[in-house]
Amino acid sequence: SDAAARLSSAASVPRSGSAEDAQSAIREYLAAADLYETAVTRNALAAMRQGNLLGAARAIAVGLEETPGNTDFQKTLEEILETAEGAAEAAKRSADSAGASDRSKYIDATSHFSSAVGYRRSGRPADAEAAVREYSTAEKMYRDAVVVAPPPPPPPVGVGPIVTNAKGLIAQGNLIGA
């Protein structure tokens, strides 16, 4: 990659001790860092556009392991987490509107949502993947809670005896009464 080439170039700068050589090595190292940051951010944003929030979180978390405190990575990670949380909240609102709050999938989804919030609050980049995974699971379960088929309605009152009586009259050959 370009970043690796820059690092190699920086490492090959002569170690004569001159200020010019030191500045050249520093420029190469900084250029490599910029290229690395650009590549990681680009990959994360591409994953987000494809709906792969977990892949985006993974890319940024790895970037933060390599360059702790990188504010651009932290901002991108926060955007990923906000997107995942927003999708789960939208699914929850939909489930609430459908009256699904008493369904088991809804209750399980709420548990996953709470776990996601806990991972997010840790502030550790390593927990970002778990937070996104939990938000995603909550979103899916809230949506599933909406599509659970409600129980069938009870039969109309009085239909049972009428059908039974009609079958009896037909069986007796009395079609006029049916």
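Draft legend 1. Molecular detail of the overall build of the protein. Check the secondary structure of the protein and you find seven helices and zero strands. The N-to-C order of helical and strand elements in the protein reads α-α-α-α-α-α-α. When burial is assessed residue by residue, the protein has 30% of its 178 residues classed as buried. Across the protein, the fraction of contacts at a sequence separation of at least 24, relative to all contacts at a separation of at least 6, is 61%. Surface exposure of the protein reaches about 11,100 Å², of which carbon and sulfur atoms provide 56%.

Draft legend 2. Just the pattern of salt bridges, in detail. Considering all chains together, one arrives at eight salt bridges under this definition. A salt bridge links Glu-85 to Arg-120; its shortest N-O distance comes to 2.4 Å. Taken together, the residues Glu-85 in helix α4 (residues 71-97) and Arg-120 in helix α5 (residues 104-122) connect sequence positions 35 residues apart. Here the two residues Glu-85 and Arg-120 agree in accessibility, since each one is buried. Overlapping salt bridges bring together Glu-78, Glu-85 and Arg-120 as one network.

Draft legend 3. Up close: the side chain of Glu-134. With respect to the helices, strands and loops of the structure, Glu-134 is situated in helix α6 (residues 128-147). A polar contact of 2.7 Å, which involves the side chain of Glu-134, links it to the side chain of His-112. Excluding residues within four positions of it along the chain, Glu-134 makes contact with His-112, Ser-115, Ala-116 and Tyr-119.

Draft legend 4. Spotlight on the packing of helix α3 (residues 53-66) against α6. Look at α3 against α6: their axes get within 9 Å of each other, and the N-to-C directions meet at 170 degrees. When the interaxial angle is binned, α3 and α6 end up roughly antiparallel. Here Leu-53, Leu-54, Ala-57 and Arg-58 of α3 come into contact with α6, specifically with Ala-128, Glu-129, Val-132 and Arg-133.

Draft legend 5. Structural view of the packing of aromatic side chains. On inspection of all chains with the given rule, the structure shows two aromatic pairs. Ring geometry for Tyr-106 and Tyr-142: centres 5.1 Å apart, planes at 65 degrees, overall edge-to-face. On the criterion of sequence distance, the pair formed by Tyr-106 in helix α5 and Tyr-142 in helix α6 is long-range, its members being 36 residues apart. The class for Tyr-142 is buried, based on a relative accessible area of 1%. Centre to centre, the rings of Phe-113 and Tyr-135 are 5.4 Å apart; their planes meet at 70 degrees, and the pair counts as edge-to-face. Here Tyr-135 lies in helix α6 and Phe-113 lies in helix α5, a separation of 22 residues in the sequence.

Draft legend 6. Inspection of α4 at higher detail. Helix length check: α4 (27 residues) gives 38 Å between terminal C-alpha atoms against 39 Å at 1.5 Å per residue, within 8%. For α4, the set of buried residues is Phe-73, Thr-76, Leu-77, Ile-80, Leu-81, Ala-84, Glu-85, Ala-88, Ala-91 and Ala-95. Among the residues trailing α4, Gly-99 stands out with phi positive, at a value near 70 degrees.

Draft legend 7. Summary view of the environment of Lys-92. Mapping Lys-92 onto the fold places it in helix α4. Residue Lys-92 is classed as partly exposed on the basis of its relative accessible area, which comes to 27%. Other than its neighbours up to four places away in sequence, Lys-92 contacts Tyr-106 and Tyr-142.

Draft legend 8. Up close: the packing of α4 against α5. Close contact between α4 and α5 brings their axes to 11 Å; oriented N to C, the two are set at 160 degrees. Taken together, α4 and α5 sit at an angle that is classed as roughly antiparallel. Every pair of crossing elements has a handedness; the one defined by α4 and α5 is left-handed. Mapping the contact onto sequence places Glu-78, Leu-81, Glu-82, Glu-85, Ala-88, Glu-89, Lys-92, Ala-95 and Asp-96 in α4 and Tyr-106, Phe-113 and Arg-120 in α5. Broken down by class, the residue content of the contact of α4 with α5 amounts to five nonpolar, no polar and seven charged.

Draft legend 9. Local environment of α3. Taking 1.5 Å of rise per residue, the 14 residues of α3 would be expected to cover 20 Å, and the 20 Å separating its terminal C-alpha atoms lies within 8% of that figure. Of all the positions in α3, only Leu-53, Gly-55, Ala-56, Ala-57, Ile-60, Ala-61, Gly-63 and Leu-64 are classed as buried.

Rules of the game
- Residues numbered from 1 in each chain as written.
- Predicted model: local features only at pLDDT ≥ 70, side-chain atom pairs only at ≥ 80, totals over all residues.
- Heavy atoms only, no water.
- Helix = DSSP H or I, 4+ residues; strand = E, 2+ residues; numbered from the N terminus.
- Buried < 20%, exposed > 50% of the residue type's maximum accessible area, 1.4 Å probe, protein only.
- Contact = heavy atoms within 4.5 Å.
- Areas by Shrake-Rupley, 256 points an atom, 1.4 Å probe, with all protein chains shown as cover.
- Salt bridge = Lys/Arg side-chain N within 4 Å of Asp/Glu carboxyl O.
- Polar contact = N/O pair within 3.5 Å; in protein donor to acceptor, adjacent residues only side chain to side chain.
- Axes fitted to C-alpha atoms, helices over the stretch in contact; angles between N-to-C directions.
- Parallel < 35°, antiparallel > 145°, perpendicular 65-115°, else oblique.
- Phe/Tyr/Trp six-rings, centres within 6.5 Å; stacked < 30°, edge-to-face > 60°.
- Expected span 1.5 Å × (residues − 1).
- Left-handed = near helix turned anticlockwise from the far one by under 90°.
- Nonpolar A, V, L, I, M, F, W, Y, C, P; charged D, E, K, R; others polar.

Don't take any of this as a statement about function, it's just geometry.
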